[in-house]
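Results of the structural survey
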Amino acid sequence: MRTSRSKLWGGRFTKKTDPFVERFTSSISVDYRLARYDLEGSIAHAKMLGRCGIVSRAESRRLVRGLARILRSIERGAWAPDPTAEDIHTQIQQTLEKLLGSVARKLQTARSRNDQVALDLRLYCRDAATTLATAIRSVQRALVKLAATYRGVVIPGYTHLQRAQPILLAHQLLAYVEMLERDVERLQDARKRIDVLPLGAGALAGTSLPIDRRYVAKLLKFPRIAENSIDAVSDRDFALELVSVLAMLGIHLSRFAEDVILWTTEEFGILSLDDAFATGSSLMPQKKNPDVLELIRGQAGLLVGGLTAFLTMMKGLPLSYNRDLQWDKRFVFSAVEASHDALTVLERLVRHVEVRADRVTRLLKDDTLCATDLAEYLVERGVPFADAHGIVGNVVAAAERRGKRLGELTLSELQQFSPRFDRRALALFDPKRSVERKRSFGSTNPRLVRQALERWEQRLRSS
Ligand code: ARG
């Protein structure tokens, strides 16, 4: 239980804060993650104060040196959050006062925690967007590698989770690479709106002191400066955007996880997980479970829930800063950390997955996978597609009635349904030929998929 603590405020108060209020309002257990960014921001602020003559050059240098010392202790791992501090800004201020004495009390000149915390969160989000984009790239590379290794493998493609048409496994893996690419693009785009300097807004109105925001922006590598001080301390769009991009990423990862979960069942038998990435059952000795993938699939719920909670928390907030905003960090940190963990484990899992090429052929014994090829074959012979669709539908139903596979029908049996069938129709019930017959750009044709693989290999090499 905390007793008392020094605050960044308190002059106008005659009573000590209720201990439960202290505990309730404290955010250090969450925002300690901002320590590095808080220090980087403070160092830039202290430099600016000296340069603008708001503190002396010597004072500025002392402040910068003191802050840099704290930063180094963090990098060495010799720093821990102080549970009695109100928040990370308070803890760093207290440490600085211990190090430097009264000069430390000049650091908060022309700055409020409102613009300070907005800055810290933007610096955190900016880093996170870059780190996550890199982590997505690693998963993409692992997927492309897997696709390239098994480039010749044909599997049934599904719609409505019913067998549809033969596809290359590589083609489906590349579908996920495309999805992830959009996530990278969204992160890069969100970064543009993260990358705006809020510092210098003060509490909400700016300051009467002669600060230089442009200089701070340059030091912290912000291409833009927030143009309205009220917006600067109130805006959390940038964080909402990041969390929403990550919710979408989470949904993509959950869909991939689900496909792999299905594919590793004995019923599908397309993939097998490496033992190092599977888990067992405490009761059933034979089990090899895809818990990692299930956790990733479930995590999408946490991400979407976090986004919804964050949006709801923002709704109807009056301008400008309100303490409600303290909750924002929970949503941001948990989304960033969950996404990063999921991407890291997924990349490793994909690198160790194996395709059960022997078992896959069993799935292809279903000639109806090629029914669409038969209809397109009739179209090539002048039959309107809708008629061809009906004819082949009848063929499928008749084969089913006779207990035969489509490929077991004789030419004369086929010709009972359309005189346009000739000998070449009988060769269509081959999944490999089915993919080879595809020719439209973006299709599962092996030559086109090979080109797509090459494009991705090239693109991922240079990014
Ligand atoms: N811990 C606070 C937050 O995360 C810092 C800003 C506090 N500002 C204030 N006016 N009480 O939002």
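A brief structural summary. The structure displayed is predicted, hence computed values, not measured ones.

Brief notes about the overall build of the chain
Helix and strand content of the chain: 18 helices and 6 strands. Computed over the C-alpha atoms, the radius of gyration of the chain is 31 Å, more than 25% above the 23 Å expected from 2.2 N^0.38 for a compact globule of 463 residues. Considering only residue pairs separated by 6 or more positions, the chain has 74% of its internal contacts joining residues 24 or more positions apart. For the chain, the exposed surface amounts to about 23200 Å²; the carbon and sulfur share of it is 52%. Taking the average place of the 73 positive charges on the side chains of the chain and the average place of its 55 negative ones, the gap between the two points comes to 5 Å.

Re helix α10 (residues 237–263)
Given 3.6 residues per helical turn, the α-helix brings residues three or four places apart onto the same face. The terminal C-alpha atoms of α10 lie 39 Å apart, and with 27 residues this matches the ideal 39 Å at 1.5 Å per residue to within 8%. The buried count for α10 comes to 20 of 27 residues, which makes it a mostly enclosed element.

Some words on the packing of helix α6 (residues 113–149) against helix α12 (residues 328–351)
At their nearest, the axes of α6 and α12 sit 9 Å apart, and the two run at 15 degrees to each other. When the axes of α6 and α12 are compared, the pair comes out roughly parallel. Our pair here, α6 against α12, has a crossing hand that is left-handed. For the contact of α6 with α12, the residue count by class is 18 nonpolar, 4 polar and 7 charged.

A closer look at the environment of Val243
Within the secondary structure, Val243 is located in helix α10. Note: C-alpha distance between Val243 and Val304 (61 residues apart in sequence) is 8.7 Å. Contacts of Val243, omitting those with residues within four sequence positions, involve Leu307, Phe310, Phe331, Val332 and Ala335.

A word on the environment of Ala398
Inspection of the secondary structure puts Ala398 in helix α15 (residues 385–402). Given the relative accessible area of 1%, Ala398 is considered buried.

With respect to helix α3 (residues 35–51)
Between the first and last C-alpha of α3 there are 24 Å, a value that for 17 residues agrees with the 24 Å anticipated at 1.5 Å per step. Across the 17 residues of α3, 13 count as buried, placing the element largely inside the fold. Looking one or two places after α3, you find Gly53, whose phi comes out positive at around 75 degrees.

Quick word on unusual backbone geometry
Between Leu319 and the following residue, Ser320, the backbone shows a cis peptide bond with an omega angle of 0 degrees. Mapped onto the elements of the fold, Ser320 is located in the loop between α11 (291–314) and α12. At Lys221, a residue that is not glycine, the phi angle is positive and equals roughly 60 degrees. In this fold, Lys221 is placed in the loop between α8 (213–219) and β4 (224–225). Lys221 gets classed as exposed once you look at its relative accessible area, which sits at 65%.

A closer look at the pairing of strand β2 (residues 162–168)
Of the pairings in the sheet, the one linking strand β1 (residues 154–159) to β2 comprises 6 bridges and is antiparallel in character. Following the sheet pairing, Gly157 is matched in β2 by Gln165. If you look at the hairpin formed by β1 and β2, you'll find 2 residues sitting between the two strands, and His160 has a positive phi there, around 55 degrees.

Examining the environment of Asp341
Here Asp341 is to be found in helix α12. Taking the C-alpha atoms as reference points, Asp341 and Ala46, separated by 295 residues in sequence, lie 35 Å from one another.

Criteria and thresholds
- Residues numbered from 1 in each chain as written.
- Predicted model: local features only at pLDDT ≥ 70, side-chain atom pairs only at ≥ 80, totals over all residues.
- Heavy atoms only, no water.
- Helix = DSSP H or I, 4+ residues; strand = E, 2+ residues; numbered from the N terminus.
- Rg over C-alpha atoms; globule rule 2.2 N^0.38 Å.
- Contact = heavy atoms within 4.5 Å.
- Areas by Shrake-Rupley, 256 points an atom, 1.4 Å probe, with all protein chains shown as cover.
- Lys, Arg positive; Asp, Glu negative; His and termini not counted.
- Charge placed at Lys NZ, Arg CZ, Asp CG, Glu CD.
- Expected span 1.5 Å × (residues − 1).
- Buried < 20%, exposed > 50% of the residue type's maximum accessible area, 1.4 Å probe, protein only.
- Axes fitted to C-alpha atoms, helices over the stretch in contact; angles between N-to-C directions.
- Parallel < 35°, antiparallel > 145°, perpendicular 65-115°, else oblique.
- Left-handed = near helix turned anticlockwise from the far one by under 90°.
- Nonpolar A, V, L, I, M, F, W, Y, C, P; charged D, E, K, R; others polar.
- Pairing = 2+ DSSP bridges.

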